[in-house]
Amino acid sequence: MDIIWALLWLLAALFEGVFCQGVYAPPTVQIIHSGHACNIEEERYTERVYTIREGETLELTCLVSGHPRPQIRWTKTAGSATDRFQDSSVFNETLRITRIQRHQGGRYYCKAENGLGTPAIKSIRVDVYYLDDPIVTVHQSIGEAKEQFYYERTVFLRCAANSNPPVRYSWRRGREFLYQGSDKGVEIYEPFFTQGETKILKLKNLRPQDYANYTCTASVRSVCGIPDKSVLFQLTNKTASPTIKLLVEDPIVANPGQTVTLVCIISGGEPSPTLSWVRNTEELPKKSVLNGGTLTIPAISTDDAGVYSCVASNNVGNPAKKSTNIVVRALKKGRFWITPDPYHNDDNIQIGREVKISCQVEATPPEELMFSWLKNGRPLRSSERMVITQTDPDVAPGTTNLDIIDLKFTDFGTYTCVASLKNGGIPEISIDVNISSTTVPPNLTVPRGKSPLVTQEGDTVELQCLVSGKPKPIIIWSRADKEAPMPDGNMQTESYDGVLRIVNVSREMTGTYRCQTSQYNGFNVKPREAIVELIVQYPPAVEPVYTEIRQGLGRPFSLSCRVLRAHPSRVLKYEWKLGTRLLTMGQFDTRDETEYHVRALNREGYGAYTCDITNEAGAGRCTFLVTGKAFAPEFFYDTYSALWQNKPRVYGFKLQWTQMNPNAVDRIMAYRLGIKQMGHQRWWEQEIPTEDNIQKGELLSYNLTELIKPEAYQVRLTPITRFGEGDSTERIIRYSAPVNPHWSKFHCGFEEDTICMFTQDKTEEFDWTRHSAATRDTKYTPNTGPSSDRSGSKQGFYMYIETSRPRLEGDKARLLTPSFNVAPKNPYGNVASNPTYCFSFYYHMYGKHIGTLNVYLRQKSQTGQDTSVWTLSGNQGDRWRQARVNINPTSSFQIVMEGIRGSGIEGDIAVDDVTIEEGECRDPPPSSNIRSLASPTEVHIWQLALTLLLVLVGLRR
């Protein structure tokens, strides 16, 4: 009995594999061009190069097939070219770049993926051609340059132009073309280290006839229609490099708000130099005004300070450059600190000891900085006991010190440090420092109950350090537990009251914080510090946050909610609800997840299930939406010749689709079809009933008729179950006048890049190649292959297998036609009997190493097995021959053309003018070796089934 059940299982699996395989297919992709290409090269084996002129429009179209409809993304080697495309109604996604620039050249990739197999990727290299205007520069030989005149000196005229492809240069003197050897006094060469980048004209020991007009012409040989470009340079005995004068002081010191004018004049140079202004390596201020050699900067500010340079150039010798530095006066960042007697180990100020008051500011320019001191508002002069210094080598620049020797009670008071600039124009900075018996060093403490500080995520929290002492210093906050920035993004945060306020605190801010006294505005003593611990509580983070579950009535299912992290980690409880109705609740044990089980789903069981897991900080929620909605249909875009027309003013369209996960919910009873004309608002709707259960991958069809030419229509399809309407999907149907009004005949001469939607079988060793005799490399593969296409045109295209290295004997290349549907002759008819089609093509098999050309029939109902219908081997002579064969498909089908390499390189096989038409072939050529299909595709399936049943009967006996 075990054998019988095994055979029954095998039989069931066989039928399921045959009849439920469906139309799901991984993506295939092909790149075609439709822009202003000036050349397309199919380099041997792998490289495709698309050449375009700068400023033209680049259009690359990614032609895809596969089901479900693949998503397409264009990328470039150095980053993304476009965003991911989401509009499923667009069949061919086009990458369009208007006015393409040279930096946009590179390799472009089209990636298509639909979740089946590996993504399909194709690439093409875009080469942008351009030619800039050439530039001539003139130099004398080193050590021989004079101030002005070029006389009896060696002169170099260097011509250079940016271009792609590499430029070719030519020189003329007047109307005379110059080339190497044409004049003993002229030498033309390319420097070894700049091959192809420039061409130098060397005038040796300058002669009177060398004073002339020189023309350099740059050419890219008119590729992409790019014209030659020329530049004229007049060499005279007055030709000289530029010289300039700068009519300003250096440096220029200005007050904020003033207008600064820089004047630069040309003092020499032939041809007349051009002037420009630059600022360090930055741009000039936006408010600056440039008039010839005069640069005006109104209302100057400290941001406008820097080195400004005037540059003169006339392409003779080196550019002339002169600079000046603009300094804008400023005073900022006034600070002070008190230093107790350094000779005693005591941080306190005491009578009879020394005390130093330091004052610091940032001044521009620093040499104009002046300090003065006041005591209780009266000027203070340096004396034996009151020593004032402004140049202390132990402190930063811009600092003044007041040393009080042998402090007395009468020295207590308010000392004021006043900073100013010599030439005025800037407000003074005054800093008051009080010295008294209450002036004591700082001390830091953390208030009771403020560490550790417990708060919840999202709250506003204040970390506090109490600071005592006089004067009170600035408090600096930082992280004590790790090198990490503070909440404001800086590594340190200053506080004047000792409080660090954090708004919207997050869990990442948990840790220890250090508060520390600054030496500024306080005592110059060892910093005081304290530590505050912050604990941020947050509710449980759970997964999944949201999940939609599609389920049919009467079926069981389980829901699971898992805790990822929480603080405190001790979770209190969980609650499961359906809507507002409590289902169950409980406490967590050592596990980190909770589950809820439904044994049999009823109508009341549809809805939103929630699981709330709570701790002291709040709750984390998992939400599960349980619904009986059917998934969206998936339109099938690879229907060959879906559009037909049998009336003058209307057309029809064969709409095909599969159902995503049809068994996930209850049986789909019907589809609601909506259709509207593009640009209109009104939808027309009708229901399409279904009789049986829909299988995964099953291709469903519906014929749309009476569509008005040439209008486009938006189509919406919605599945309906006893739960109600499911998810909808939409697509656009566009009218295009077909090449053949009916799918009664298919013809392909391979003249277009799309090769009529033929595809390559990537599982074989190599591919077929599209080529024309005009570009074929006959030197590489002599004595083989066609000298024209089937019609005799040298410019026409055909497909062939290149059998040169690295190909080996027996290597295969397979070329697949598009998929064809076995369709009725009228939109509503049925296939009464197996139709007959005539498949014909021309082949060219010339060469002493010719292998084999095979033709197979591949049917969707016969997955994994191709049926041979035609084969031929060996040298057939240097001419095109025709082959015709009848085929009898019973389901959607493709034709596979297989080329097998022979024993050597002279074995190229070519095909052209492939045709498929309804009806039997008329007068098949006698030279073809025809194998007609003997029976319908399903015969071997039923034969196998009958064999298995006979085995079962025998076992029972």
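Nothing here was measured: the structure is a model prediction, and the numbers come from that model. (Residues numbered from 1 in each chain as written. Predicted model: local features only at pLDDT ≥ 70, side-chain atom pairs only at ≥ 80, totals over all residues. Heavy atoms only, no water.)

So what about the overall build of the protein chain? Which residues, and what values?
Looking only at helices and strands, the protein chain features 2 helices and 71 strands. Out of the 957 residues in the protein chain, the part that is buried amounts to 45%. Of all intrachain contacts in the protein chain linking residues separated by at least 6 positions in sequence, the fraction that spans at least 24 positions is 70%. A total accessible area of about 49,300 Å² is found for the protein chain, and carbon and sulfur atoms account for 49% of it. (Helix = DSSP H or I, 4+ residues; strand = E, 2+ residues; numbered from the N terminus. Buried < 20%, exposed > 50% of the residue type's maximum accessible area, 1.4 Å probe, protein only. Contact = heavy atoms within 4.5 Å. Areas by Shrake-Rupley, 256 points an atom, 1.4 Å probe, with all protein chains shown as cover.)

Please set out the sheet that holds strand β34 (residues 429-435) residue by residue, giving values where relevant.
Adjacent strands of a sheet form backbone hydrogen bonds with each other and so pair up, either parallel or antiparallel. The sheet built from 4 strands is open, its strands ordered β30-β29-β33-β34 with antiparallel pairing. Across the chains shown, the open sheet's two edge strands, defined by having one partner strand only, are β30 (378-380) and β34. Direction aside, neighbouring strands of the sheet carry axes that sit 35 degrees apart on average. Pairing geometry for strand β29 (residues 369-375) and β30, over 3 bridges, is antiparallel. Each bridged residue has a counterpart across the sheet, and for lysine 375 the counterpart in β30 is arginine 378. (Pairing = 2+ DSSP bridges. Axes fitted to C-alpha atoms, helices over the stretch in contact; angles between N-to-C directions.)

Pulling in residues and values, what's your account of the environment of leucine 872?
Take leucine 872: it is sitting in strand β68 (residues 867-873). Given the relative accessible area of 11%, leucine 872 is considered buried. Taking the C-alpha atoms as reference points, leucine 872 and glycine 851, 21 residues apart in sequence, are found 8.7 Å from one another. Leucine 872 has contacts with Tyr843, Met845, Gly851, Thr852 and Leu853, leaving out every residue within four places of it along the chain.

How would you summarise the sheet that holds strand β14 (residues 176-178) if you had to cite specific residues and measurements?
Strand order in the open sheet formed by 4 strands is β14-β13-β17-β18, with antiparallel pairing between adjacent strands. Every interior strand has two partners, whereas the edge strands, β14 and β18 (229-234), have only one. Averaged over neighbouring strand pairs, the angle between their axes works out to 30 degrees when direction is ignored. Pairing of strand β13 (residues 168-173) with strand β17 (residues 213-219), which is carried by 6 bridges, proceeds in the antiparallel orientation. Looking across to β17, one finds that arginine 168 is bridged to serine 219.

Let's hear about the packing of aromatic side chains: which residues, and what values?
As enumerated under the stated definition, the model contains 19 aromatic pairs in all. An angle of 75 degrees between the planes, with centres 5.8 Å apart, marks the rings of tryptophan 337 and tyrosine 520 as edge-to-face. One end of the pair, tryptophan 337, is in strand β27 (residues 330-340); the other, tyrosine 520, is in the loop between β42 (511-517) and β43 (522-523), with 183 residues separating them in the sequence. Given the relative accessible area of 23%, tyrosine 520 is considered partly exposed. With a centroid separation of 6.2 Å and an interplanar angle of 65 degrees, the aromatic rings of tyrosine 798 and tyrosine 800 are classed as edge-to-face. For the pair tyrosine 798 and tyrosine 800, a shared accessibility class is recorded, and that class is buried. (Phe/Tyr/Trp six-rings, centres within 6.5 Å; stacked < 30°, edge-to-face > 60°.)

So, the nonpolar core: which residues are in play, and what are the values?
Counting residues in each nonpolar core, the largest one holds 34 residues, and the members touching the most others are Phe839, Phe841, Leu853 and Trp870. Val361, Phe412, Ile429 and Ile431 belong to the second-largest nonpolar core, a separate cluster that totals 29 residues. (Core = buried A, V, L, I, M, F, W, Y, C linked by side-chain atoms within 4.5 Å.)

A description of the side chain of serine 288 should follow, citing residues and the corresponding values.
For serine 288, the location among the structural elements is in the loop between β22 (274-279) and β23 (289-291). In terms of polar contacts, serine 288 uses its side chain to reach the backbone carbonyl oxygen of proline 285, at 2.5 Å. With near-sequence residues (within four places) excluded, serine 288 lies in contact with Leu295, Thr296, Ile297 and Pro298. (Polar contact = N/O pair within 3.5 Å; in protein donor to acceptor, adjacent residues only side chain to side chain.)

Give me the lowdown on the environment of asparagine 821, citing residues and values where you can.
Its place among the elements puts asparagine 821 in the loop between β65 (812-816) and β66 (837-845). Between the C-alpha atom of asparagine 821 and that of phenylalanine 893, which follows or precedes it by 72 residues, the distance is 6.7 Å.

Any chance you could break down the state of the cysteines for me, citing the residues and the numbers?
Following the criterion strictly, the structure yields 7 disulfides and no others. Here cysteine 465 pairs with cysteine 515 through a disulfide, and the sulfurs are 1.9 Å apart. Torsion about the S-S bond of the cysteine 465 and cysteine 515 cystine: about -80 degrees, corresponding to left-handed handedness. Taken together, the positions of cysteine 465 in the loop between β37 (461-464) and β38 (466-470) and cysteine 515 in strand β42 put the pair 50 residues apart, joining distant regions of the chain. Residue class for cysteine 465 comes out buried when judged on its relative accessible area of 1%. Using a relative accessible area of 0% as the deciding quantity, one classes cysteine 515 as buried. (Disulfide = S-S within 2.5 Å.)

Explain the pattern of salt bridges to me, and be specific about the residues and the numbers.
Following the criterion strictly, the structure yields 39 salt bridges and no others. The closest approach of N and O atoms between aspartate 132 and arginine 102, which form a salt bridge, is 2.8 Å. A residue pair is termed long-range when its members are at least 10 positions apart, and aspartate 132 in the loop between β9 (120-131) and β10 (135-140) and arginine 102 in the loop between β7 (93-97) and β8 (106-113) qualify at 30 residues. Between glutamate 685 and arginine 716 there is a salt bridge, with its nearest N and O atoms 3.2 Å apart. Taken as a pair, glutamate 685 in strand β56 (residues 684-689) and arginine 716 in strand β58 (residues 713-721) lie far apart in primary sequence, 31 residues in all. Its relative accessible area of 48% is what places glutamate 685 among the partly exposed residues. Shared partners join several salt bridges into a network, and the residues in it are Arg672, Glu685, Glu687, Arg716, Glu725 and Glu730. (Salt bridge = Lys/Arg side-chain N within 4 Å of Asp/Glu carboxyl O.)

Now, about the pairing of strand β33 (residues 413-421): what can you tell me, with residues and values included?
Burial analysis of β33 places 8 of its 9 residues in the buried class, which makes it a mostly covered element. In this structure, β29 lies alongside β33, joined through 7 bridges in antiparallel fashion. The partner of methionine 370 across the bridge, within β33, is serine 420. Note that β33 and β34 share 7 bridges and pair antiparallel. Residue cysteine 417 lies in a different strand from β34, and its bridge partner there is isoleucine 431.

Describe the confidence of the model for the protein chain, listing the residues and the values that go with them.
Averaged over every residue, the pLDDT of the protein chain is 84; residues scoring 70 or more account for 85%. Looking across the protein chain, the model is least confident in helix α1 (residues 2-19), with a mean pLDDT of 39, and most confident in β58, with 97. Scored below 50 in pLDDT, residues 824-832 makes 9 contacts in the model with residues more than four places away or belonging to other chains. Throughout residues 926-957 the model reports pLDDT below 50, and contacts reaching past four residues in sequence, or to other chains, amount to 47 contacts. (pLDDT = per-residue confidence, 0-100.)

Report on unusual backbone geometry, specifying residues and quantitative values.
Glycine aside, residues mostly have negative phi, and peptide bonds are mostly found in the trans state. The step from histidine 67 to proline 68 runs through a cis peptide bond, and the omega angle for that step is 5 degrees. Its location among the elements puts proline 68 in the loop between β4 (58-67) and β5 (71-76). Residues glutamate 270 and proline 271 are joined by a peptide bond in cis, for which omega reads 0 degrees. By the secondary structure assignment, proline 271 is in the loop between β21 (260-270) and β22.

Run through the environment of glutamine 71, naming residues and quoting values.
For glutamine 71, the location among the structural elements is in strand β5. Separated by 44 residues in the primary sequence, glutamine 71 and proline 27 have C-alpha atoms spaced 9.2 Å apart.

So what about the pairing of β56? Which residues, and what values?
Where strand β55 (residues 670-677) lies against β56, 6 bridges are found, and the strand directions are antiparallel. What sits directly across from isoleucine 675, in β56, is tryptophan 684. Counting the residues between successive antiparallel strands, the hairpin from β55 to β56 contains 6 residues, one of them, glycine 679, with a positive phi of roughly 95 degrees.

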